[in-house]
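Analysis of the macromolecular model
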Amino acid sequence: MAASAPSESLFGIHRGVIALGIARMADALGNSFLIIVLPLYVASESVSGGALGLPSSVVSGVVLALFGIVSSLTQPLAGHFSDRLGRRRAFVLAGLGIFCIANFSFSLASSYPALFLIRAVQGFAAAFTITASVALVSELSIGGGRGQNMGVYNSFRLVGFGGGPLLAGLVLEHGPYTLPGGIALDGFTACFYIAAAAALVSTVLVVAMVEDPETTKPTHRSFAIPVRGEGQALDPVFSLGLATFMMTGCIALMSSIEPEVNARLNQGPVLFAIQFATFIGALAVVQPLVGRASDTYGRRTFILIGLAALAPTTLAQGLVTTPAQMIGARLLQGISGALIFAPALALAGDLAKEGEVASRLSVLTVAFGLGISFGQITAGILVQYGFVMPFAMGALLALTGVGLVYTQVHEPVPDAEVAPHAH
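Cut-offs applied
Residues numbered from 1 in each chain as written. Predicted model: local features only at pLDDT ≥ 70, side-chain atom pairs only at ≥ 80, totals over all residues. Heavy atoms only, no water. Helix = DSSP H or I, 4+ residues; strand = E, 2+ residues; numbered from the N terminus. Buried < 20%, exposed > 50% of the residue type's maximum accessible area, 1.4 Å probe, protein only. Contact = heavy atoms within 4.5 Å. Areas by Shrake-Rupley, 256 points an atom, 1.4 Å probe, with all protein chains shown as cover. Phe/Tyr/Trp six-rings, centres within 6.5 Å; stacked < 30°, edge-to-face > 60°. Lys NZ or Arg CZ within 6 Å of the ring centre and 35° of its normal. Patch = residues over 30% accessible without salt bridge, like charges linked within 9 Å, V, L, I, M, F, W, Y side chains within 5 Å. Salt bridge = Lys/Arg side-chain N within 4 Å of Asp/Glu carboxyl O. pLDDT = per-residue confidence, 0-100. Axes fitted to C-alpha atoms, helices over the stretch in contact; angles between N-to-C directions. Parallel < 35°, antiparallel > 145°, perpendicular 65-115°, else oblique. Left-handed = near helix turned anticlockwise from the far one by under 90°. Nonpolar A, V, L, I, M, F, W, Y, C, P; charged D, E, K, R; others polar. Expected span 1.5 Å × (residues − 1). Bend = angle between axes of the 7 residues up to and from the residue. Core = buried A, V, L, I, M, F, W, Y, C linked by side-chain atoms within 4.5 Å.

In this section: the overall build of the protein chain. Secondary structure summary: the protein chain contains 13 helices and four strands in total. Of all 423 residues assigned to the protein chain, the portion counted as buried reaches 53%. Within the protein chain, counting contacts between residues at least 6 apart in sequence, those at least 24 apart form 82% of the total. Carbon and sulfur atoms make up 70% of the accessible area of the protein chain, which amounts to about 17600 Å² in all.

Attention now moves to the packing of aromatic side chains. Summed over all chains, the structure comprises ten aromatic pairs. Between the aromatic rings of F245 and F374, the centroid separation amounts to 5.2 Å while the plane-to-plane angle is 40 degrees, which identifies the pairing as tilted. Of this pair, F245 sits in helix α7 (residues 236-251) while F374 is found in helix α12 (residues 357-382), placing the two residues 129 residues apart along the sequence. Classification of F245 as partly exposed rests on a relative accessible area of 24%. When its relative accessible area of 30% is taken as the criterion, F374 is described as partly exposed. A network of ring pairs unites the aromatic residues Y41, F106, F188 and F192 as a single cluster. Over the face of the ring belonging to F368 we find R157, whose NZ or CZ atom lies 5.9 Å from the ring centre.

Glancing now at a nonpolar patch on the surface. Residues I35, I36, L40 and F161 make up a contiguous nonpolar surface patch of about 300 Å² in total accessible area. For the nonpolar patch, the element with the highest residue contribution is helix α1 (residues 15-43), accounting for three residues. Structurally, F161 can be placed in helix α5 (residues 146-174). Classification of F161 by relative accessible area gives partly exposed; the value is 31%.

For the rest of this paragraph, the subject is the confidence of the model for the protein chain. The predicted structure's coordinates, where accompanied by low pLDDT, should not be read in detail. In the predicted model, the protein chain carries a mean pLDDT of 83, and 89% of its residues have values of at least 70. The least confident element of the protein chain is strand β1 (residues 9-10), whose mean pLDDT is 61; the most confident is helix α10 (residues 300-317), at 96. For the stretch residues 415-423, pLDDT sits under 50, and the model shows 18 contacts to residues farther than four places along the chain or on other chains.

With that out of the way, let us pick up the packing of α5 against helix α9 (residues 269-297). Two numbers describe how α5 lies on α9: the axes approach to 6 Å, and their chain directions differ by 170 degrees. Comparing the axis directions of α5 and α9 gives the class roughly antiparallel. From α5, R146, G147, Q148, G151, V152, N154, S155, L158, V159, F161 and G162 reach across to α9, where they touch I280, L283, A284, Q287, P288, G291, R292, S294 and D295.

The geometry of helix α4 (residues 112-140) relative to α5 is characterised by a closest axis approach of 9 Å and an angle of 145 degrees between their N-to-C directions. Between α4 and α5 lies a crossing whose hand is right-handed. For the pair α4 and α5, the contacting residues are S133, V134, V137 and S138 in the first and R146, N149, M150 and Y153 in the second. Classifying every residue of the contact of α4 with α5 by side-chain character gives four nonpolar, three polar and one charged.

Further remarks concern α12. For α12, which comprises 26 residues, the first-to-last C-alpha distance of 37 Å matches the rise-based estimate of 38 Å (1.5 Å per residue) to within 8%. Along α12, the sharpest change in direction is near 25 degrees and occurs at V363.

Locating N262 in the fold gives a position in helix α8 (residues 258-265). Judged by its relative accessible area of 12%, N262 is buried. Here N262 is in contact with Q267, G268, P269 and F272, once residues within four sequence places are set aside.

Examined against the element boundaries, P390 turns out to sit in helix α13 (residues 389-408). Note: C-alpha distance between P390 and G375 (15 residues apart in sequence) is 8.4 Å. Once residues within four sequence positions are removed from consideration, P390 is found in contact with L253, A379, L382 and V383.

So, on to the nonpolar core. L20, V206, L240, V261, I303 and L364 are the most contacted members of the largest nonpolar core, which totals 71 residues. Counting residues per element, this core draws most heavily on helix α11 (residues 323-351), at ten residues. Contact partners of V206, with chain neighbours within four places excluded, come to L20, A23, R89, V92, L93 and L96. Core analysis: the next-biggest nonpolar cluster, separate from the first, contains 26 residues, F106, Y112, A168 and V171 among them.

Moving on, we get to the pattern of salt bridges. Evaluation of the coordinates by the stated rule reveals six salt bridges. A salt bridge links D350 to R146; the nearest nitrogen and oxygen atoms lie 2.4 Å apart. A residue pair is termed long-range when its members are at least 10 positions apart, and D350 in helix α11 and R146 in helix α5 qualify at 204 residues. Look at D350 and you get buried, because its relative accessible area is 5%.

Structural data, given as structure tokens:
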């Protein structure tokens, strides 16, 4: 198929991808608000949970974890049904619409069970939005530029995700507010309204600027996630999912051991936030460049280099002794991660057969979320045996990923991009 017409692209990036990326940026900003807001909301007098007999710290952990658990469990099915119906835009819109309602509903919740229910509904909505939007980016890229488009899409999303917690902190700090007409609004309610408004803006952007490509057709394939490969031990897309799991396991190690990091480096929460944001910034800036390069020079090489570089940059975080050193290590780790994720998504799209793009790409999106949870939990356990232990484990994971991708992942045949569904 010929490359996209000039009117369909801007600086070589499909206009639909830009619109979808901006929509996901607004949505991610609203959702990342809740990472800061929900634990504080649970601990406040606004929520009652005496009947459950649980301390607020436990409830906060469950509320935050429910999103990832429900989303991870339902993403493969959401991707499959999107493939079966041949619809992407409708699934994205359904997910964003449910997000908008759920975000607003937090302002009405006054009990722990209500928070659990709303958070689970959010996870369900995320499954629709994530799988369909990634598949849409892949299919809009038929004809060239899949790596660059994936990189740009992910960068927009990361900007929203990284900016949300900072903005939420400012909104909470400066509340309560008085709206025109004398209506009083506390900081929590303001945050929930902003999160709902962000999802609504995303919905409007997708309605106005995104369409399903004509090449997306319904399929009658049965639901299946191949694990075994043809002529090799593991399926290449499943292997890319495992590599993604290992990558996100490495990058999430730091987030759950903030007190230990701050004590070791003799720093406060502001420096920790800067160190955390450094990784996201590097990932957002470098991903589009790497994605574009992978369109020309191949995906697999970048993934291998990224995993190899991830090992020392992860281990370095367990050895640093100053805040500046940690910032440097996080910067280099962000660059390493950028070498992996966008090319991996693009390569999975290259390898996917007709009618299975969403379900196959869901392997990587699920692995991304599960890897973060694994890294956070593992770091909390291993740090008890020494500060370096979580990061040493992460380095070992990254090296394992190198071997996995080297032996189990291959580039598609040369004409795969020209006729990606001719299998």
